[in-house]
Amino acid sequence: MWPFSERFPERTAAEVGTPVVEEGDVPQTQAEHEYDYIIIGGGTAGCVLANRLSEPAGTRVLLLERGAYRVNMSDRIPLLSANFLRAGAPKALYPSPTPAALAPSESSLFEVATGKALGGTSKINSMLYTRGAVGEWNGWEEKGCEGWGYEEMERYFKKSERATGVLAERDWHGTEGFWSTRAFPDFILPHWKKTVDVCESLGLPFVQDANSRDHPAYMCAAMDMTRTPEGERSSTETAFLPLTLVKERMDRLKIATHVVVTRIALEQDKEGGQPRAVGVYFESDEEDNAGMTYFARAKREVVLSAGAMGSPKILQLSGIGPKSHLESLGIPLVKDLPGVGSNLQDHVGILTIYKIPIQDSLDRLIVNPLSAIPPLLEYIAFRSGLFLFPLTQLSIFARSSLLDENSRMVLSSPSQADCTKAANTPDIEIMPLPMTQTLEPLPQGWGGLTFLSCLSQPKSRGSVRLASANPRAPPAVDLGYFSHPDDWIVVRKALNLARTLGEGVRAADITYKMEPHRVLPPNASEEQLKQFVSETARTSYHYASTCRMAAEDDPEGPGVVDSRLRVHGVKGLRIADASIMPQVIATHTQAPTVCIAEKCADMILQGHN
Ligand SMILES: Cc1cc2nc3c(=O)[nH]c(=O)nc-3n(C[C@H](O)[C@H](O)[C@H](O)COP(=O)(O)OP(=O)(O)OC[C@H]3O[C@@H](n4cnc5c(N)ncnc54)[C@H](O)[C@@H]3O)c2cc1C
């Protein structure tokens, strides 16, 4: 606990639900275990929903989260909390098989990581705050997601945001919301300035704020981050569920932690013949309390916010999903919905690594932990320096079809730079990271400077299915990378651009010690490309679209929710998290996820007024 902090009023499973004594019909509940809304998953989106849905007095809301409430120092300091591999970090981590299109390789890094705590993945992520291109949101609307164009969504971005510092002066940022955002101070490491210069020479102009409405479609941009003016991580539970607010609303907002939701209770609706979500079954995640099932009733709606892995899993456990899959596990079918758990997307990332002197790389903190002491003291005393920043400050956005053989962006008309057009959405993002990114250690004295090249509009799709009918087992995840042949064309362009950036940074100062370590050679053969990608591909943790917002029979992939986020063919059940994105948004996913939750809460409250 943060020293001398007051206790957060978190509840146990037994305090918020009625024990289920007999299997069978939906159980009767005590009145105190009936709620207007039950939110499953107190993660990035779930905390926003809990705040907004409990705003009207007289409304009863229950939030169920399988992780803990945590306010440790290591969860607040940006650099420490972004290192989710540290012992005790609030994460769920499980391996995923090598995607079929990639040759198994000893160094393959296929692992799924998500947050497991109140605040969810917003407690462990890299704190980058990006909204996505204006044109991409407009593209959602054009494809039938009514009400999801940028103009409407900007309202929600601003509503959630409490921008400070220079961001507060920009009219596209919000200053009255809960979630703290801030620009980075000056570049902390020298490579970023050099990277900017190389980008500009390649036709990728530097933009001060990737979230402005009218920047060029392709750019090298400074990142905004989700941190407080005091230099601490602003996760969604510290932002949207601060102790003062939770105490004020204790009569109407119950927050239960260490609770695993096992399934949603569905009753046949007498009027329309459609099933209706009427409540939620859950168990305690604490060993000494395991074994008992509890039930809480939802009088109005159940909102599923268990993330792109958790939400399809819970739907499938509840009998909503692909018929043949559910039958193979003996789960009674309630609604055949083939889109549930299909269409998994992620921005697969491929590493291009240069060696630099270890003192200029974060690798030094791993090789020599004592070297962390001076910057840690600087952070404690002044809230500045290395510990203030969670891994990167800069990102590069490009479009593969416009990159020439020298990795220059060549635009044939000014309209191609217009970021409000869906067709101009970047399909490549490259992040310069001052570290090796968990491949083999470098020779002594060297650290890594990595250009992480991500496919931001992948065409490949994977899936999330149940590994068994046991609700505690992690799901069977197929990341599906490179299952679509077009992604190979984009990745070659991305890796050529990454090499051009690296070589440009090297050439900027020939006296600086920097050498290629793992770099795709120019004119690599198909075989070399495949080998390189197999060895260095990894997740960028932007899992999305496993319950996509689209028609049930959408030719681009079956949908699960409509544009009001209601599950097709089921009443009283919505989904609000990264899983509903029609396709993974071509940027970092936390701000869009918060925006989805804001809009969902608004639609629910409007519907009940
Ligand atoms: C290491 C890492 C770095 C990242 N960096 C960035 C970044 O810098 N910027 C950015 O924009 N995005 C980043 N992302 C991605 C972004 O954080 C996520 O896409 C986003 O937070 C997902 O939000 P969500 O609400 O969909 O899911 P989550 O935040 O994961 O919330 C789901 C919640 O549901 C709970 N849950 C699941 N199953 C159950 C169950 N059965 N019962 C009860 N509770 C359950 C989970 O414990 C979790 O708290 C990163 C992700 C990771 C993992």
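Residues numbered from 1 in each chain as written. Predicted model: local features only at pLDDT ≥ 70, side-chain atom pairs only at ≥ 80, totals over all residues. Heavy atoms only, no water.

Student: How would you sum up the overall build of the protein? Please name residues and give values.
Tutor: On a plain count of helices and strands, the protein comes out with 15 helices and 27 strands. Projected onto its principal axes, the C-alpha coordinates of the protein cover approximately 75 × 55 × 45 Å. In the protein, which comprises 609 residues, the proportion classed as buried is 62%. If you average the places of the 61 positive and of the 74 negative side-chain charges in the protein, the two averages end up 2 Å apart. (Helix = DSSP H or I, 4+ residues; strand = E, 2+ residues; numbered from the N terminus. Buried < 20%, exposed > 50% of the residue type's maximum accessible area, 1.4 Å probe, protein only. Lys, Arg positive; Asp, Glu negative; His and termini not counted. Charge placed at Lys NZ, Arg CZ, Asp CG, Glu CD.)

Student: Give me the lowdown on the site of the ligand, citing residues and values where you can.
Tutor: Close contacts around the ligand come from 33 residues, with Thr44, Glu65, Arg66, Thr121 and Thr589 the closest. In this structure, Ala45 approaches the ligand through a main-chain N or O atom, which is 3.0 Å from an oxygen atom. Across the complex, the protein chains shield 95% of the 1000 Å² of accessible surface that the ligand would expose by itself. Contributions of two or more residues to the shell around the ligand are made by helix H2 (44-53), strand S6 (111-115), strand S14 (259-268), helix H9 (307-317) and helix H15 (590-608). Top contributing element to the shell around the ligand by residue count: S14, with three residues. Of the residues assigned to the shell around the ligand, the class counts are 14 nonpolar, 15 polar and four charged. (Near = heavy atom within 4 Å. Polar contact = N/O pair within 3.5 Å; in protein donor to acceptor, adjacent residues only side chain to side chain. Areas by Shrake-Rupley, 256 points an atom, 1.4 Å probe, with all protein chains shown as cover. Nonpolar A, V, L, I, M, F, W, Y, C, P; charged D, E, K, R; others polar.)

Student: Which residues make up the packing of aromatic side chains, and what values go with them?
Tutor: In total, this model carries 15 aromatic pairs according to the counting rule given. When the ring of Trp137 is compared with that of Trp140, the centres are 4.5 Å apart and the planes differ by 50°; the resulting orientation is tilted. Placement of the pair is Trp137 and Trp140 together in helix H4 (residues 134-142), with a separation of three residues, close to one helical turn. In this structure Trp140 comes out as buried when scored by relative accessible area, which is 1%. Taken together, the ring pairs in this structure connect Trp137, Trp140, Trp148, Tyr150 and Phe157 into an aromatic cluster. Between the NZ or CZ atom of Lys513 and the centre of the ring of Trp446, over which it lies, the distance is 4.6 Å. Looking at Lys599, its charged tip hangs above the ring of Trp148, at a distance of 5.2 Å from the centre. (Phe/Tyr/Trp six-rings, centres within 6.5 Å; stacked < 30°, edge-to-face > 60°. Lys NZ or Arg CZ within 6 Å of the ring centre and 35° of its normal.)

Student: Before we move on, can you summarise the pattern of salt bridges with the specific residues and values?
Tutor: Taken as a whole and assessed by the stated rule, the structure comprises 30 salt bridges. What emerges from the salt-bridge pattern is a single network uniting Lys116, Glu283, Asp285 and Arg472. (Salt bridge = Lys/Arg side-chain N within 4 Å of Asp/Glu carboxyl O.)

Student: Can you explain the environment of Val491? Please cite residues and give values.
Tutor: Within the fold, Val491 resides in helix H13 (residues 486-508). Residue class for Val491 comes out buried when judged on its relative accessible area of 1%. It is 28 Å that separates the C-alpha atoms of Val491 and Pro475, two residues lying 16 residues apart in sequence. Aside from chain neighbours lying at most four places away, what touches Val491 is Ile350, Leu455, Phe482, Leu529 and Val533. (Contact = heavy atoms within 4.5 Å.)

Student: Please provide a residue-by-residue account of the UniProt feature "binding site: FAD" (unreviewed entry) in the protein, values included.
Tutor: Taking the UniProt record as the reference, the feature "binding site: FAD" (unreviewed entry) is found at Thr121 and Val261. Note that Thr121 resides in the loop between S6 and strand S7 (128-129). By relative accessible area, which is 30% here, Thr121 ends up partly exposed. If we skip the residues at most four places from it in the chain, Thr121 touches Thr44, Thr114 and Gly115. Among residues more than four places away in sequence, those in contact with Val261 are Ile40, Leu64, Val280, Tyr281, Phe282 and Ile314. (UniProt positions renumbered as here; feature names shortened; annotations may be inferred.)

Student: So what about the UniProt feature "active site" (unreviewed entry) in the protein? Which residues, and what values?
Tutor: With numbering aligned to this structure, UniProt lists the feature "active site" (unreviewed entry) at His542 and His588. Considering the C-alpha atoms alone, the annotated residues occupy 47 residues of sequence yet fold into one spot, their largest mutual distance being 6.9 Å. Note on placement: His542 falls in the loop between strand S26 (537-538) and strand S27 (573-575). A distance of 2.8 Å separates polar atoms of two side chains, one belonging to His542 and the other to His347. Note that His588 resides in the loop between S27 and H15.

Student: Tell me about the sheet that holds strand S12 (residues 224-225), residues and numbers included.
Tutor: Two modes of strand pairing occur in sheets, parallel and antiparallel, and in both the strands are linked by backbone hydrogen bonds. Reading across from one edge, S7-S12-S9-S8 is the order of the four strands in this open sheet, with mixed pairing throughout. If you trace the sheet from one side to the other, it starts and ends with S7 and strand S8 (161-163), each paired once. Inspection of the sheet shows strand S9 (residues 179-183) paired to S12 by two bridges, in the antiparallel sense. Its bridge partner being in S12, Arg182 is matched across the sheet by Met225. Its contacts with the sheet place helix H5 (residues 150-160) against S7, S8 and S9, and it is angled at close to 65° to S8. (Pairing = 2+ DSSP bridges. Axes fitted to C-alpha atoms, helices over the stretch in contact; angles between N-to-C directions.)

Student: I'd love a proper account of the pairing of strand S11 (residues 219-222), names of residues and values included.
Tutor: Covered by surrounding structure in S11 are Met219 and Ala221 together with Cys220 and Ala222, the residues of both alternating faces. The pairing of strand S10 (residues 206-207) with S11 spans two bridges and is classified as parallel. By the bridge assignment for S11, Val207 is matched with Ala221.

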